[in-house]
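Tertiary structure, described
In case you want the letters, here they are:
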Amino acid sequence: MKFLAEKHPATYRHSVRVAILAEKLAISLKLNEEEKGKLVIGCFLHDVGKGLLPIELWNQREALSEEQWQTVRLHPTVGADLIQANSALGPEILLMIRHHHERWDGTGYPDGLQGEEIPFFARICAVADAFDSMLTEHPYVKMGSLDEAKRELVRGSGSQFDRRIVQAFLLLSNEMLDIYMGTEC
């Protein structure tokens, strides 16, 4: 993660925020301390594979080509392989890293898993990851508001996201989401 922080600080900050959101979401989902710890670690590491991909992909202002998208879609697999080769972290964390871009309807990547085939922690990470992305300024997308991001989660509920996790996320008060209140993401 130190390498990622140096190579792409914005992705590192995103990973920190996703881990913070995961901790808050774990409370809403009533996860025990061990589960919460695994979820937070996995969410912190979910984008570690981006550090091994060309940095220009993450800073490009114009739309990515299909070939560039194929490269971007490698980051979950690359990240899981990197962590597996260099760590004693458990399978839940590796599966979270690998599958955080799967979609409830089966149209995600890298394996096209759907519904409950997607590991539970990966489904949680997907919601936190998407929410943070919607509230972060990107070269190609304008940053939204808390309410807009929540509405987008609802729109994706049942297609992109597990409805149960979105419902648990929506139980979080805006005060619990204070990492976005009056600060630059």
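Note: the structure precedes this text.
Along each chain, residues carry numbers from 1 onward, in the same order as the chain's sequence is written. Only residues with pLDDT of 70 or above have their local features reported here, since the model is predicted, and side-chain atom pairs are shown and tallied only from 80 upward, although totals for entire chains, interfaces and linings are computed over all residues. Hydrogens and waters are ignored; side-chain quantities use all the structure's heavy atoms.

**Re the environment of Arg123**
By the criteria applied, helices consist of DSSP H or I runs no shorter than four residues and strands consist of E runs no shorter than two, each listed in order from the N terminus. Here Arg123 is to be found in helix α8 (residues 120-134). Overall, Arg123 belongs to the buried group, its relative accessible area being 10%. As for Arg123 and Gln160, which are separated by 37 residues in sequence, their C-alpha atoms are 9.5 Å apart. N or O atoms within 3.5 Å of each other form a polar contact, as long as, within protein, one can give a hydrogen and the other can take it, and as long as residues adjacent in sequence are counted only when both atoms are side-chain atoms. A polar contact of 2.5 Å, which involves the side chain of Arg123, links it to the side chain of Asp162. We call a residue buried when its accessible area falls under 20% of the maximum for its residue type, exposed when it is over 50%, and partly exposed in between, using a 1.4 Å probe and counting protein chains only.

**With respect to empty space enclosed by the protein**
Definitions used throughout: a 1 Å grid over protein atoms alone; a cavity as a set of points that fits a 1.4 Å probe which cannot get out; a pocket as an open set with protein on both sides within 12 Å along at least five of seven lines; a lining residue as one with an atom within 4 Å of a point. Grid points are joined across faces, edges and corners, and a volume is the space filled by probe spheres set on the points. Considering all chains together, one arrives at one cavity of 30 Å³ or more under this definition. Approximately 40 Å³ is the volume found for the largest cavity. Glu102, Arg103, Trp104, Ile118, Arg123, Ala126, Gln160, Phe161 and Asp162 are the residues that line the largest cavity. A per-class count over the lining of the largest cavity returns four nonpolar, one polar and four charged. The nonpolar class holds Ala, Val, Leu, Ile, Met, Phe, Trp, Tyr, Cys and Pro. Asp, Glu, Lys and Arg form the charged class, and all remaining residues, Gly among them, are polar.

**Comments concerning the pattern of salt bridges**
Working definition: two side chains of opposite charge can pair if their charged atoms are close together. When a carboxyl oxygen of Asp or Glu is within 4 Å of a side-chain nitrogen of Lys or Arg, the pair counts as a salt bridge. Enumeration according to the criterion identifies 11 salt bridges in this entry. Between Glu33 and Lys36 there is a salt bridge whose closest N-O contact spans 3.3 Å. With Glu33 and Lys36 both in helix α3 (residues 33-45) and three residues apart, the pair spans about one turn of that helix. Judged by its relative accessible area of 58%, Glu33 is exposed. Judged by relative accessible area, which is 15%, Lys36 ranks as buried.

**Let's talk about the packing of α3 against α8**
Relative orientation of the contacting elements α3 and α8 amounts to 55°, with a least axis distance of 10 Å. Judged by the inter-axis angle, α3 sits oblique to α8. When the axes of α3 and α8 are compared, the crossing they make is right-handed. Facing α3, whose interface residues are Glu35, Lys38, Leu39 and Cys43, α8 presents Phe121, Ile124 and Cys125. Its residues assigned to classes, the contact of α3 with α8 shows five nonpolar, no polar and two charged. Angles here are taken between N-to-C directions and fall from 0 to 180 degrees, while the axes themselves are lines fitted to C-alpha atoms, restricted in helices to the stretch in contact. Any angle that is under 35 degrees is reported as roughly parallel, and any over 145 degrees as roughly antiparallel; angles of 65 to 115 degrees are reported as roughly perpendicular and all others as oblique. Put simply, a crossing is left-handed when the front helix is turned counterclockwise from the back one by less than a right angle, and right-handed when it is turned clockwise. The contact criterion used is simple: two residues touch if any of their non-hydrogen atoms lie within 4.5 Å.

**Considering the packing of helix α2 (residues 9-28) against helix α10 (residues 163-170)**
Where α2 contacts α10, the axes come no closer than 9 Å and their chain directions differ by 100°. For the element pair α2 / α10, the angle class is roughly perpendicular. When α2 is examined against α10, the residues Leu21, Leu25 and Ser28 are found in contact with a partner set consisting of Ile165, Ala168 and Phe169. When grouped by side-chain class, the residues that make up the contact of α2 with α10 number five nonpolar, one polar and no charged.

**What to know about the side chain of Thr11**
Among the structural elements, Thr11 can be located in helix α2. Judged by relative accessible area, Thr11 falls into the buried class, the value being 5%. Excluding residues within four positions of it along the chain, Thr11 makes contact with Leu4, Asp47 and Lys50.

**Focus on the environment of Gln70**
Within the secondary structure, Gln70 is located in helix α5 (residues 66-72). Judged by relative accessible area, which is 42%, Gln70 ranks as partly exposed. Each C-alpha atom of the pair Gln70 and Lys2 lies 26 Å from the other, and the pair is 68 residues apart in sequence.

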